[in-house]
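What follows is each chain in one-letter form.
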Amino acid sequence: MTTDAELIARSRFDDDRAAFGELVRRHQSAVRQFLRHLTRGDAALADDLAQETFLQAHRSLARFQGGSQFPTWLLGIAHNHWRNHRRRQRDTVEYTEATAPATEAPAGRLVELRHDLAAAMSALSADERLALHLGYQRGLAHGEIAALLDWPLGTVKTHLARAKEKLRQPLAAWNPQT
Amino acid sequence: MESPDLNASASDEARLDRFLRTTEVPLDDAGFSDRVLAALPPPVAERSPRRRQICLAAAAVGIAFAAVRIGGLAGWHDLTSTVDRQLAAVQAATGPALAQLPPGNLSLALGITALSLAYAFRSTLKARWSVYFG
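Given the structure is predicted, the values throughout are model-derived calculations rather than measurements. (Residues numbered from 1 in each chain as written. Chains lettered and ligands numbered in written order. Predicted model: local features only at pLDDT ≥ 70, side-chain atom pairs only at ≥ 80, totals over all residues. Heavy atoms only, no water.)

### As for helix α8 (residues 153-168) of chain A
All names here are of chain A.
Part 1 of the argument: For α8, with 16 residues, the first-to-last C-alpha span of 23 Å sits near the 22 Å given by 1.5 Å per residue.
Part 2 of the argument: Among the residues of α8, those classed as buried are V156, H159, L160, A163, K164 and L167. Looking straight down α8, one finds its buried side chains confined to an arc of 125°; they lie on one side. (Helix = DSSP H or I, 4+ residues; strand = E, 2+ residues; numbered from the N terminus. Expected span 1.5 Å × (residues − 1). Buried < 20%, exposed > 50% of the residue type's maximum accessible area, 1.4 Å probe, protein only. Arc of directions from axis to C-beta.)

In structure tokens form, the structure reads like this:
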């Protein structure tokens, strides 16, 4: 399988549109889901911002030096676009729903767990949900989350600790020993 | 308050971490990638076809001018023979070490070409290196 580094090199030096298209296909889900967390479930807005993110990434490929992972770099661009949008709007967005899957989830225990997890996460603050999403579902380290969201490292750890504490009880039912 | 059973606490923590890592359902592309590609600006070559035509025309003019100046094909043969003689003289002057190499004019030409290409594309080579190797 072609690596991200090879696709980036082909996009940047040969203006290979097929290579850039493959990069978009690989990372569109992560970027769009991240933006849905930021926009509190506004899928249309998230997709608009995601498109701007990838267009910006195409223009700025020369600035990607390979120091950070490409997905993390994309999330940084996405976060900047969301912040600019919020600055322009200067409105608070009503929270409508937790991030919803675009496709029908497979039946079974896994979908039940996801449902319970989504219900439990609705009790968290937006920042706590965002920290959990980046830390556990995107697999970012605390330092990466802090750099991406421009939060102090202590704030990241606090949000994660509080979020886990709030979820412990609702998810205890999934513990086979209780 | 600490749990009296530390092993249970550690396993609870591990279980909670595992639940939290339950991956979200990946979003269907549903034409998103195609929309992004359609929104990209046209490729560089398509943006200015006239630039390529001008470069090709200038190259043709340059080659024609050089051909006229050296006197056509016969002049080209005389020129290459002169260059060969001079390169042979350089080879002889640099001593027996070059005698170990393929014919002196070829080695010298290859070496100069390699250095010139590396110098001309140094920024591109450096950038590709950083993308692949950080």
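### A look at the nonpolar core
Residues and elements named next belong to chain A.
Part 1 of the argument: Counting 53 residues, the largest nonpolar core has F34, L35, L132, L134 and L167 as its most contacted members.
Part 2 of the argument: With eight residues, helix α2 (residues 17-38) is the single largest residue contributor to this core.
Part 3 of the argument: Apart from residues lying up to four places away in sequence, L35 is in contact with A46, L49, A50, T53, A78 and W82. (Core = buried A, V, L, I, M, F, W, Y, C linked by side-chain atoms within 4.5 Å. Contact = heavy atoms within 4.5 Å.)

### Quick word on helix α7 (residues 142-149) of chain A
All names here are of chain A.
Part 1 of the argument: Considered for burial, the residues of α7 that qualify are I145, A146, L148 and L149. For α7, the arc enclosing every buried residue in end-on projection is 165°, short of the 170-degree limit, so these residues lie on one face.
Part 2 of the argument: Where the residues of α7 are buried, they touch α2, α4 (70-89), α6 (126-137) and α8.
Part 3 of the argument: Two residues or fewer past α7, D150 is found with a positive phi of approximately 60°.

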